[in-house]
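This is what each chain is made of:
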Amino acid sequence: MNKTPKLLVVIDYQNDFVTGALGFDGSAAIDDGIARLAQTYLAQGDHVLFTYDTHDDTYLETREGSVLPIPHCNPNEDGWHLYGKTQELCRETSANHQIHNVCKHAFGMPPAEVIKLGSELPDLREILVVGVVTHMCVISNAVLLQAQWPEAQITVDAALCRSYDPVLHEKALDVMEGLQMKVINR
C-alpha cells in the first residue's frame with residue numbers, strides 16, 4: 001500500500017538571513033531543528049522543498065530593492081546558500097529525488113513553480129512550513145501552497161520560524177491561523 005507523501009517546506013533558510021546581509025538574532029537557533037526535520041522527512045520517503053530568495057546585480061532597481069536597499073541572496077555569493085547543518089544535509093542528499101529546490105525573486109514562489117510542484121506531488125495532504133522571515137516570505141509561500149493544495153493541512157511550526165520583528169512574527173502566525181492553517185509550537 002502506497003502512503004500519501006508529505007512535504008516539508010523550508011523557506012529561505014539562507015546564509016544572508018542568518019549571518020549575512022539581513023542576518024538577525026535567533027535565526028541560527030533553528031538550524032538543528034530544520035536539519036533534523038528534513039532528515040526525518042527524507043528517511044520516511046517524504047519530500048522536502050527548499051526555497052531560495054534569489055536576486056541578481058539589478059536588485060536595487062526592483063520595487064523590493066527600492067524599499068529594502070540591501071543587496072542579498074545573490075546566487076554568485078555565499079549568502080545565497082543554505083545555512084549550517086541544513087546546507088550540509090542538502091549537500092549530502094543533492095541527488096535525492098525527494099528534494100525540490102525553487103528559486104524565487106519575490107516573497108512568494110513563482111506561480112508556475114508551484115503549479116509544476118503540484119503536478120509532481122498531486123496527492124499531498126500534509127504540508128509543514130518552516131523558515132524565515134515569518135511575516136514576509138513564510139506567510140506568502142504558505143498562502144501559495146494553500147492555493148495549490150486546498151485540501152491539504154498546512155501546518156506552520158512557529159518554533160522553527162523566525163523574523164527580525166517578533167511582533168510581526170506573532171501577527172503573521174495569527175493571520176495564518178485565521179486562514180485555517182494550523183500553527184504549532186507557539
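All of the points below concern the structure found in this document.

Basis of the calculations
Residues numbered from 1 in each chain as written. Predicted model: local features only at pLDDT ≥ 70, side-chain atom pairs only at ≥ 80, totals over all residues. Heavy atoms only, no water. Salt bridge = Lys/Arg side-chain N within 4 Å of Asp/Glu carboxyl O. Helix = DSSP H or I, 4+ residues; strand = E, 2+ residues; numbered from the N terminus. Buried < 20%, exposed > 50% of the residue type's maximum accessible area, 1.4 Å probe, protein only. Pairing = 2+ DSSP bridges. Axes fitted to C-alpha atoms, helices over the stretch in contact; angles between N-to-C directions. Core = buried A, V, L, I, M, F, W, Y, C linked by side-chain atoms within 4.5 Å. Contact = heavy atoms within 4.5 Å. Patch = residues over 30% accessible without salt bridge, like charges linked within 9 Å, V, L, I, M, F, W, Y side chains within 5 Å. Areas by Shrake-Rupley, 256 points an atom, 1.4 Å probe, with all protein chains shown as cover. Lys, Arg positive; Asp, Glu negative; His and termini not counted. Charge placed at Lys NZ, Arg CZ, Asp CG, Glu CD. Polar contact = N/O pair within 3.5 Å; in protein donor to acceptor, adjacent residues only side chain to side chain. Phe/Tyr/Trp six-rings, centres within 6.5 Å; stacked < 30°, edge-to-face > 60°. Parallel < 35°, antiparallel > 145°, perpendicular 65-115°, else oblique. Left-handed = near helix turned anticlockwise from the far one by under 90°. Nonpolar A, V, L, I, M, F, W, Y, C, P; charged D, E, K, R; others polar.

**Some words on the pattern of salt bridges**
- Under the definition given, this model contains eight salt bridges.
- Across the salt bridge formed by D32 and K85, the nearest N and O atoms sit 2.8 Å from each other. Of this pair, D32 sits in helix α2 (residues 31-43) while K85 is found in helix α4 (residues 84-92), placing the two residues 53 residues apart along the sequence.
- Judged by its relative accessible area of 33%, D32 is partly exposed.
- Under the relative-accessibility criterion, K85 is labelled partly exposed at 43%.
- Between R186 and E170 there is a salt bridge; the shortest N-O distance is 3.0 Å. Residue R186 is found in the segment after β6 (182-184), and its partner E170 is found in helix α7 (residues 166-178); the two are separated by 16 residues along the sequence.
- The class for R186 is partly exposed, based on a relative accessible area of 44%.
- Several salt bridges converge on common partners, so that one network encompasses E170, D174, E177 and R186.

**As for the sheet that holds strand β3 (residues 99-104)**
- Judged by pairing direction, the sheet is parallel, and its six strands sit side by side in the order β3-β2-β1-β4-β5-β6 without closing on themselves. Of all strands in the sheet, those with a lone pairing partner are β3 and β6, marking the two edges. With strand direction ignored, the average angle separating the axes of adjacent strands in the sheet is 20°.

**Description of the nonpolar core**
- L8, I127, V129 and M176 are the most contacted members of the largest nonpolar core, which totals 57 residues.
- Among the elements that line this core, the one with the most residues is helix α6 (residues 134-148), at six residues.
- Excluding its chain neighbours within four sequence positions, the residues that come into contact with L8 are L37, A38, Y41, H47, V48, L49, L128 and V130.

**Structural notes on a negative patch on the surface**
- On the surface, D56, D57, E61 and E77 cluster together into a negatively charged patch.
- Within the secondary structure, D57 is located in the loop between β2 (47-53) and α3 (63-67).

**Concerning the side chain of H135**
- On the secondary structure map, H135 appears in helix α6.
- You can call H135 buried: its relative accessible area is 18%.
- A distance of 2.7 Å separates the side chain of H135 from the side chain of S163, its partner in a polar contact.
- A polar contact is formed between the side chain of H135 and the side chain of Y164, at a distance of 3.5 Å.
- Dropping the residues within four chain positions of it, H135 is found in contact with S163, Y164, D165, L168, H169 and A172.

**A word on the environment of Y13**
- When you line up the elements, Y13 lands in the loop between β1 (6-11) and α1 (15-18).
- The class for Y13 is buried, based on a relative accessible area of 0%.
- With 17 residues separating them in the primary sequence, Y13 and I30 have C-alpha atoms 9.4 Å apart.
- In this structure Y13 touches V18, S27, A28, I30, D31, I34, H81, L82, Y83, T86 and V132, once residues within four positions along its chain are discounted.
- For Y13, the side chain forms a polar contact with the main-chain nitrogen of D31, separated by 3.2 Å.

**Focus on the packing of aromatic side chains**
- Following the criterion strictly, the structure yields three aromatic pairs and no others.
- Look at F24 and Y164: their rings are 6.3 Å apart centre to centre, the planes differ by 75°, and that puts the pair in the edge-to-face class. Of this pair, F24 sits in the loop between α1 and α2 while Y164 is found in the loop between β5 (153-162) and α7, placing the two residues 140 residues apart along the sequence.
- Owing to a relative accessible area of 11%, F24 belongs among the buried residues under this scheme.

**So, the packing of α6 against α7**
- Between α6 and α7, whose axes approach to 9 Å, the crossing angle comes to 15°. With respect to their mutual orientation, α6 and α7 come out roughly parallel. By crossing handedness, the relation of α6 to α7 is classed as right-handed. Residues T134, H135, V138, I139 and A142 of α6 touch α7, and the partners they reach there are L168, H169, A172, L173, V175 and M176.
- Residue composition of the contact of α6 with α7, by class: eight nonpolar, three polar and no charged.

Bear in mind that shape data such as this cannot, by itself, settle questions of function.
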